[in-house]
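The chain contents come next:
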Amino acid sequence: MAAEEEDEVEWVVESIAGFLRGPDWSIPILDFVEQKCEVFDDEEESKLTYTEIHQEYKELVEKLLEGYLKEIGINEDQFQEACTSPLAKTHTSQAILQPVLAAEDFTIFKAMMVQKNIEMQLQAIRIIQERNGVLPDCLTDGSDVVSDLEQEEMKILREVLRKSKEEYDQEEERKRKKQLSEAKTEEPTVHSSEAAIMNNSQGDVEHLTHPPSEIQGS
């Protein structure tokens, strides 16, 4: 591969990676995964529902990618070449590309959904324990039976967790902008203080080098 082609592939890979890290991609993908993952378990048998959800996910991924690639002028051949290049085979790149690969590979998709389901269940369990001081009986007595009330409570908590995360991200972004704004406001103040110190220092020097007239006359 010529140097010019390598540079082009590197640019395409970096552009796609930047998009996959950004909110235009991550927010709709995360919302979809969190809303749909609760039906997935780690059993070997795959249900028809899984296939239907995977098709919905594939359509979402294609829509998001097509919109971005069209916006920056990357065609399908360039995209495929970038995804199969050595740059896309690194551990970091594979982690970033996992949601894209999951659209074409059902095994990757199912593993991703099962993992997210487990993560959200553990979060819900922690909240239940923190709120009630104890875990539900179904989680402590070895029983596999979960009451309708407990199932509903878990579902509500999962939705609360999802919304809380969105609110947390928004609050963090607001704080970051506020800090940047305050930092810009403080800069002139700091410069003014430095200028005042320099002026005072210059005044002291002039005072030492030019004594008062009454001292000179004595």
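Residues numbered from 1 in each chain as written. Predicted model: local features only at pLDDT ≥ 70, side-chain atom pairs only at ≥ 80, totals over all residues. Heavy atoms only, no water.

Chemist: Give me the overall build of the protein chain: which residues, what numbers.
Modeler: Each helix and strand in the protein chain was counted, giving nine helices and zero strands. Order of helices (α) and strands (β) in the protein chain, N terminus to C terminus: α-α-α-α-α-α-α-α-α. Every one of the 218 residues in the protein chain was classed for burial, and the buried ones make up 28%. (Helix = DSSP H or I, 4+ residues; strand = E, 2+ residues; numbered from the N terminus. Buried < 20%, exposed > 50% of the residue type's maximum accessible area, 1.4 Å probe, protein only.)

Chemist: Could you give an account of the pattern of salt bridges, with specific residues and numbers?
Modeler: Close approach of charged atoms allows side chains of opposite charge to pair. In the structure shown here, the tally under the stated rule is four salt bridges. Between Lys58 and Glu104 there is a salt bridge, and its shortest N-O distance comes to 3.8 Å. Separated by 46 residues along the polypeptide, Lys58 in helix α3 (residues 48-72) and Glu104 in helix α5 (residues 91-104) bring together distant segments of the chain. Judged by its relative accessible area of 59%, Glu104 is exposed. Put simply, Glu119 and Lys116 hold a salt bridge, and the shortest N to O gap is 3.3 Å. Of this pair, Glu119 and Lys116 both sit in helix α6 (residues 106-132), three residues apart, which is roughly one turn of that helix. Here Glu119 falls in the partly exposed class, since its relative accessible area comes to 34%. A residue is classified by how much of its surface remains accessible, and Lys116, at 18% relative accessible area, is buried. (Salt bridge = Lys/Arg side-chain N within 4 Å of Asp/Glu carboxyl O.)

Chemist: Requested: an account of α5, with residues and values cited.
Modeler: Under the 1.5 Å per step criterion, the end-to-end length of α5 is 19 Å for 14 residues, consistent within 8% with the ideal 20 Å. Of all the bends found along α5, the most pronounced is centred on Gln98 and spans about 55 degrees, while Pro99, a proline, follows it within four residues. (Expected span 1.5 Å × (residues − 1). Bend = angle between axes of the 7 residues up to and from the residue.)

Chemist: Please set out the packing of helix α2 (residues 23-36) against α3 residue by residue, giving values where relevant.
Modeler: Each packed pair of helices is defined by two parameters, the angle between the axes and the distance between the axes. The geometry of α2 relative to α3 is characterised by a closest axis approach of 11 Å and an angle of 175 degrees between their N-to-C directions. The pairing of α2 with α3 is recorded here as roughly antiparallel in orientation. Of the residues in α3, those in contact with Asp24, Trp25, Pro28, Ile29, Phe32, Val33 and Lys36 of α2 are Ile53, Glu56, Tyr57, Leu60, Val61, Leu64 and Leu65. Per-class residue counts for the contact of α2 with α3 are eleven nonpolar, no polar and three charged. (Axes fitted to C-alpha atoms, helices over the stretch in contact; angles between N-to-C directions. Parallel < 35°, antiparallel > 145°, perpendicular 65-115°, else oblique. Contact = heavy atoms within 4.5 Å. Nonpolar A, V, L, I, M, F, W, Y, C, P; charged D, E, K, R; others polar.)

Chemist: Tell me about the nonpolar core, residues and numbers included.
Modeler: In this structure, Leu20, Trp25, Ile29, Tyr57, Phe79, Phe109 and Met113 are the most contacted members of the largest nonpolar core, which totals 37 residues. When residues of this core are assigned to their parent elements, the largest contribution, nine residues, is made by α3. Excluding residues within four positions of it along the chain, Ile29 makes contact with Tyr57, Leu60, Val61, Leu64 and Pro99. (Core = buried A, V, L, I, M, F, W, Y, C linked by side-chain atoms within 4.5 Å.)

Chemist: I'd love a proper account of the packing of aromatic side chains, names of residues and values included.
Modeler: Following the criterion strictly, the structure yields seven aromatic pairs and no others. Residues Phe106 and Phe109 carry aromatic rings whose centres are separated by 6.4 Å and whose planes lie at 40 degrees to one another, so their mutual orientation is tilted. In this pair, Phe106 and Phe109 both sit in helix α6, three residues apart, roughly one turn of the helix. Under the relative-accessibility criterion, Phe109 is labelled buried at 0%. (Phe/Tyr/Trp six-rings, centres within 6.5 Å; stacked < 30°, edge-to-face > 60°.)

Chemist: Any chance you could break down helix α4 (residues 76-83) for me, citing the residues and the numbers?
Modeler: Within the sequence span of α4, burial applies to Gln78, Phe79, Ala82 and Cys83. In an axial view of α4, the angular spread of the buried residues amounts to 130 degrees, which keeps them on one side of the axis. Away from the buried face of α4 by more than 90 degrees, exposed residues Glu76 and Asp77 are located. (Arc of directions from axis to C-beta.)

Chemist: Explain the side chain of Ser15 residue by residue, including any values.
Modeler: For Ser15, the position within the fold is in helix α1 (residues 3-21). Its relative accessible area of 13% is what places Ser15 among the buried residues.

Chemist: Describe in detail the side chain of His54, supporting the description with residues and values.
Modeler: In this fold, His54 is placed in helix α3. You can call His54 buried: its relative accessible area is 11%.

Chemist: An account of the environment of Thr49 is needed here, citing residue identities and associated values.
Modeler: Within the fold, Thr49 resides in helix α3. In the structure, Thr49 is positioned ten residues away from Val39 in sequence and 8.2 Å away in space, judged by C-alpha atoms.

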